[in-house]
Amino acid sequence: MEDLTTASGKRLAPYAADPARSRGRVHPESPPQGRDEFQRDRDRIVHSAAFRRLEYKTQVFVNHEGDLFRTRLTHSIEVAQIARTIARQLRLNEDLTEAISLAHDLGHTPFGHAGQDALNLCMQPWGGFEHNLQSLRVVDELEERYGDYDGLNLCFETREGVLKHCSLPNAARLGEIGLRFIERRRPSLEAQLANLADQIAYINHDVDDGLRSGLLKVPQLMEVELFGRHHRVVLERFAQVGERRQVYETVRRMINELVLDLTACSQALIDAAAPGSIDDVRAAPALIAFSGEVGVQSLALKQFLFENLYRHYRVVRMTSKAARVVAELFEAFVDDIRLLPDEHKRKAERDRHRAVADYIAGMTDRYAIKEHRRLFSVDET
Ligand code: MG
């Protein structure tokens, strides 16, 4: 077997995804020049319309609430950064990890989880709405950029990583790409890694954004082991720098600890299982994981954020408004598809509910608000 090297010049591990042995693309294409298959996937994702729209979509805060909060775009870049760092240490394929990280949120609706829950509720009689499945739909079908096919025609390994979760009925409909959910097999280590890098990124940036917004307070967070442990050290060493910088110092230390723990623990799991190929990885139990103690602590932080930030009354007020916007848009378009822009109307003539869901899911926060105003306010056009 030919030796593949990582960006740092180390040999790619035998269990890493190898672009030369990819399971390929749905529509066969000539090999790329000057880059490999996973680099090409990463580049296609970066150039997609859905990727650009991530700039105006949010996870927790609605886009217009403040210029400093994370958007799905900056979140995705943070995920890619964390995932690449760990991939390099584990001698995994950095390009594939990056491609999956950058694409993982492409299917998200406007207004974060509130938008997704509202759309899922609207779509219940018609197969529901799952954001992971929608991310796959974006790269497989909805992007319209190439003359020969719909979608981005990505490699199997990239698509496998993008489809992080999937309900069993939907998995059964998907064919090859859904098979692992039915057979209970794992995806590549690159995909497993992107998934946990996502968690590291969001629990840390939500602490940062939560404090900056004033919805969270430092004394509350001191009760959370992971934050409190690092923040006490920071307070001692940097008593004079002011709270904002102390919080940055703490968050940076938390990210560092989670990254180092995930790297060390995963390496130990990989060494013990000794997979000889990506197929061995798929058949093995999950091999990318935190150590027990750090896993418990990161879960506790996640739980804290759930109770204190995502359920904060100011967030709930905003998300309930957002959910209403999504539900009202859905109802109006489904009732009268003539209200849809032409390209979406044509699709709605074939599959009314799915086409409306696709149109709404593709909206940015501000576009959804504008569209809602255009439909429901008589003095808007
Ligand atoms: Mg994410």
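As shown above, the structure is provided for reference.
Residues numbered from 1 in each chain as written. Predicted model: local features only at pLDDT ≥ 70, side-chain atom pairs only at ≥ 80, totals over all residues. Heavy atoms only, no water.

(A) Molecular detail of the side chain of Asn132. Among the structural elements, Asn132 can be located in helix 6 (residues 131–142). On the basis of relative accessibility, which here comes to 6%, the residue Asn132 falls in the buried class. Beyond its immediate sequence surroundings of up to four residues, Asn132 is in contact with Val162, Leu163, Lys164 and His165. (Helix = DSSP H or I, 4+ residues; strand = E, 2+ residues; numbered from the N terminus. Buried < 20%, exposed > 50% of the residue type's maximum accessible area, 1.4 Å probe, protein only. Contact = heavy atoms within 4.5 Å.)

(B) Examining the packing of aromatic side chains more closely. What the rule picks out here adds up to four aromatic pairs. With a centroid separation of 6.5 Å and 80 degrees between ring planes, the pair formed by Phe306 and Tyr310 is classed as edge-to-face. Of the two residues, Phe306 and Tyr310 are both situated in helix 15 (residues 292–310); the distance of four residues between them amounts to about one turn of the helix. On the accessibility criterion, Tyr310 (24% relative accessible area) is partly exposed. With centroids separated by 6.3 Å and ring planes inclined at 80 degrees, the aromatic side chains of Tyr359 and Tyr367 adopt a geometry described as edge-to-face. An aromatic cluster is defined as three or more aromatic residues linked by ring pairs; in this entry it consists of Phe333, Tyr359 and Tyr367. Sitting above the plane of the Tyr146 ring, Arg44 keeps its charged end 5.0 Å from the centroid. (Phe/Tyr/Trp six-rings, centres within 6.5 Å; stacked < 30°, edge-to-face > 60°. Lys NZ or Arg CZ within 6 Å of the ring centre and 35° of its normal.)

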